[in-house]
Amino acid sequence: MMRIVQGDITELAVDAIVNAANEAMLGGGGVDGAIHRAAGRELFEACLAVPEVRPGVRCPTGEARITPGFRLPAGRVIHTVGPVWRGGGRGEAERLAACYRNSLALAAENGCRSVAFPCISTGVYGYPAEAAAEIAVREARTFLAAHPDMEVVFCCFSARDAAVYGKLLG
Ligand code: ADP
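Residues numbered from 1 in each chain as written. Predicted model: local features only at pLDDT ≥ 70, side-chain atom pairs only at ≥ 80, totals over all residues. Heavy atoms only, no water.

J.: Got a minute to help me understand the overall build of the protein chain in this structure?
T.: The secondary structure content of the protein chain amounts to 5 helices and 6 strands. Counting helices and strands in the order they occur from the N terminus, the protein chain gives β-β-α-α-β-β-α-β-α-β-α. Here the C-alpha radius of gyration of the protein chain, 15 Å, is about what a compact globule of 170 residues would show, namely 15 Å. Taken across its 170 residues, the protein chain has 46% of its residues classed as buried. (Helix = DSSP H or I, 4+ residues; strand = E, 2+ residues; numbered from the N terminus. Rg over C-alpha atoms; globule rule 2.2 N^0.38 Å. Buried < 20%, exposed > 50% of the residue type's maximum accessible area, 1.4 Å probe, protein only.)

Okay, structure coming up:
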């Protein structure tokens, strides 16, 4: 099942919320900053403990890592790193799809039945909202066909984003 929620992802009592992180995983602006503030210092420590795959990179673009949610109502945080939009010709769509696929696979592996996503890459990273939402919905549909007991929540911070998802989910 898929549903749309308009609001702050840090308030959702789901099994896992997804963070639009950066490769260092040590916090940032936007939804990343909000999640770290709400989860508390322990989230930063847990991210710091994730091994680097190369200097300064704990989670390469398109991949995902999981930590506890600490002070959040959500049990877990799945950190994924969306692509920076560079015009669409640099593999952005495939990398964004990989974020959704890898985050959902990690949720399933960890027994999370409800997973909430922000609109990954559509803030500071500049990915066009409609194109990003099409990828999010397509990947969620494919995943849910194989995991019919799970729930995917699209958490839209703005009414505009909620309307974009509303159109796609009809
Ligand atoms: P990125 O760097 O991947 O573009 P941003 O955090 O800049 O990430 O933006 C991603 C999306 O998260 C944007 O649509 C932004 O409006 C949204 N956002 C920001 N704060 C929150 C929040 N507290 N809950 C849900 N979504 C949020």
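J.: Would you mind going over helix α2 (residues 41-48) with me for this structure?
T.: Side chains of residues three or four places apart in an α-helix project in the same direction, reflecting 3.6 residues per turn. By the burial criterion, the buried members of α2 are L43, A46 and C47. Projected onto a plane normal to the axis of α2, the buried residues spread over an arc of 100° and lie on a single side. Looking at the buried residues of α2, the elements they touch are α1 (30-39), β3 (64-68) and β4 (76-80). (Arc of directions from axis to C-beta. Contact = heavy atoms within 4.5 Å.)

J.: Looking at this structure, how should I read the sheet that holds strand β2 (residues 16-20)?
T.: The strands making up a sheet associate through hydrogen bonds between their backbones, and the pairing can be parallel or antiparallel. Reading across the sheet, the 6 strands line up as β1-β6-β5-β2-β4-β3 and stay open at both edges, with mixed pairing between neighbours. This sheet does not close on itself; its edge strands, each paired only once, are β1 (2-6) and β3. Here the average twist between neighbouring strands, direction ignored, is 25°. Pairing of β2 with strand β5 (residues 114-117), which is carried by 2 bridges, proceeds in the parallel orientation. The residue of β5 that forms the bridge with A16 is V115. Of the strands in this sheet, β1 and β6 (151-156) touch helix α4 (residues 129-146), which is tilted by about 165° from β6. Contacting β1 and β6, helix α5 (residues 159-169) crosses the sheet at an angle of about 160° to β1. (Pairing = 2+ DSSP bridges. Axes fitted to C-alpha atoms, helices over the stretch in contact; angles between N-to-C directions.)

J.: Which parts of the structure should I look at to understand the side chain of H79?
T.: By the element assignment, H79 lies in strand β4. Under the relative-accessibility criterion, H79 is labelled buried at 1%. Of note is the side chain of H79, whose polar atom sits 3.0 Å from the side chain of T67. Among all residues touching H79, those that are not within four sequence positions of it are N19, A21, M25, L43, C47, C59, E63, A64, R65 and T67. (Polar contact = N/O pair within 3.5 Å; in protein donor to acceptor, adjacent residues only side chain to side chain.)

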